[in-house]
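# Remarks on the overall topology
What follows is the residue order along each chain.
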Amino acid sequence: MLKVTHVSKTFNPGTITEKQALKDINLELKEGDFVTVIGGNGAGKSTLLNLIAGVHTVDCGTITLDGIDVTSWKEHKRAQFLGRVFQDPMMGTAANMEIVENLALAYRRGEKRGLKWGVPRSEMELYRQHLAALDLGLEDRMSSKVGLLSGGQRQALTLLMATLKKPRLLLLDEHTAALDPKTAFKVLELTQEIVTENHLTTFMVTHNMKNAIHYGNRLIMMLEGKIVYDVSGEEKRNLQVSDLLKKFEMVSGDGLANDRMLLG
């Protein structure tokens, strides 16, 4: 489904701020995989996600989606395959537009748009059903401006918008990091429900080891631009945070440098 082959990326090459962010990454996601990606700051997690999304270009290597080589495709062209939720709840939605207008834009992603504007009654009912499933009362506030919503409500709406058209690949870039623990748990549970119900292939970057273990069917650990651990199935289900800490210490030769990877 997704195949990343011999991909490397260096920022600011030839300068004093040169940083090799990714080193010969090889990764393949199968249909329906829910992969959680952990690692300390600078491990390359978000860089890899951004390369898949088309935000950055690769220095070498290839990226294919559904067998299509998208390595040279710009971000907007790849968007037809992708859904994405950012770390910042303020991104991914238009604050000055109504909830229903945001959903309508998401529903029309990848389609040609003319000057005609309007939301049919059947479409309104579809949005109402999806909003009701979030259990946040947003189905009764469809005409409210998105900017009036709380961070958690806005992130839940962004998640709904990203998955409304059932993307081939869902990218989650620490999408609960800016939320309080209770709200973060709610959004993660919604994520699990939506991903499972729609059988979405998902790539979720997180600093939280407990979340990385609890969610998804596969876990990847990154360190200094490389994938150093890839676990799935029964082995992943039996993992404990202490196991990941030991693994990190073993591959890094040092203690955990970033305590955000701990409990969160």
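Our structure is the block above this text.
Description of the structure in this document.

Basis of the calculations
- Residues numbered from 1 in each chain as written.
- Predicted model: local features only at pLDDT ≥ 70, side-chain atom pairs only at ≥ 80, totals over all residues.
- Heavy atoms only, no water.
- Helix = DSSP H or I, 4+ residues; strand = E, 2+ residues; numbered from the N terminus.
- Buried < 20%, exposed > 50% of the residue type's maximum accessible area, 1.4 Å probe, protein only.
- Polar contact = N/O pair within 3.5 Å; in protein donor to acceptor, adjacent residues only side chain to side chain.
- Contact = heavy atoms within 4.5 Å.
- Salt bridge = Lys/Arg side-chain N within 4 Å of Asp/Glu carboxyl O.
- Pairing = 2+ DSSP bridges.
- Axes fitted to C-alpha atoms, helices over the stretch in contact; angles between N-to-C directions.

### Side note on the side chain of Thr202
- Inspection of the secondary structure puts Thr202 in strand 8 (residues 202–205).
- Of the residues examined, Thr202 reaches a relative accessible area of 0% and is grouped as buried.
- There is a polar contact of 3.2 Å between the side chain of Thr202 and the backbone oxygen of Leu200.
- Residue contacts for Thr202: discarding those within four places in its chain leaves Leu29, Asp33, Phe34, Val35, Leu169, Leu170, Leu172 and Val195.

### Points about the environment of Arg237
- Among the secondary structure elements, Arg237 is positioned in helix 8 (residues 233–237).
- For Arg237, a relative accessible area of 59% corresponds to the exposed category.
- For the pair Arg237 and Gly216, spaced 21 residues apart in sequence, the C-alpha separation works out to 9.5 Å.

### Digging into the pattern of salt bridges
- All told, the structure shown has 8 salt bridges when counted by the stated rule.
- Between Arg168 and Glu31 there is a salt bridge whose closest N-O contact spans 2.9 Å. You can see Arg168 sitting in the loop between helix 5 (151–163) and strand 7 (169–173) and its partner Glu31 sitting in the loop between strand 2 (19–29) and strand 3 (34–38), a full 137 residues away along the chain.
- Note on Arg168: relative accessible area 28%, which makes it partly exposed.

### With respect to the sheet that holds strand 8
- Spatial ordering of the open sheet is given by 6-7-8-3-9-10, a layout of 6 strands whose pairing is mixed. If you trace the sheet from one side to the other, it starts and ends with strand 6 (82–85) and strand 10 (226–232), each paired once. The average angle at which neighbouring strand axes cross in this sheet is 15°, direction not considered.
- Judged from the 4 bridges that link them, strand 7 and strand 8 form a sheet pairing that is parallel. Across the sheet, the residue bridging to Leu172 is Met204, located in strand 8.
- Sheet strands touched by helix 5: strand 6 and strand 7. Its angle to strand 6, the strand with the most contacts, is close to 175°.
- Strands in contact with helix 6 (residues 181–198) are strand 3, strand 7 and strand 8; relative to strand 3, the strand with the most contacts, it is inclined by about 145°.

From the geometry alone we can't say anything about function, so treat these as descriptive.
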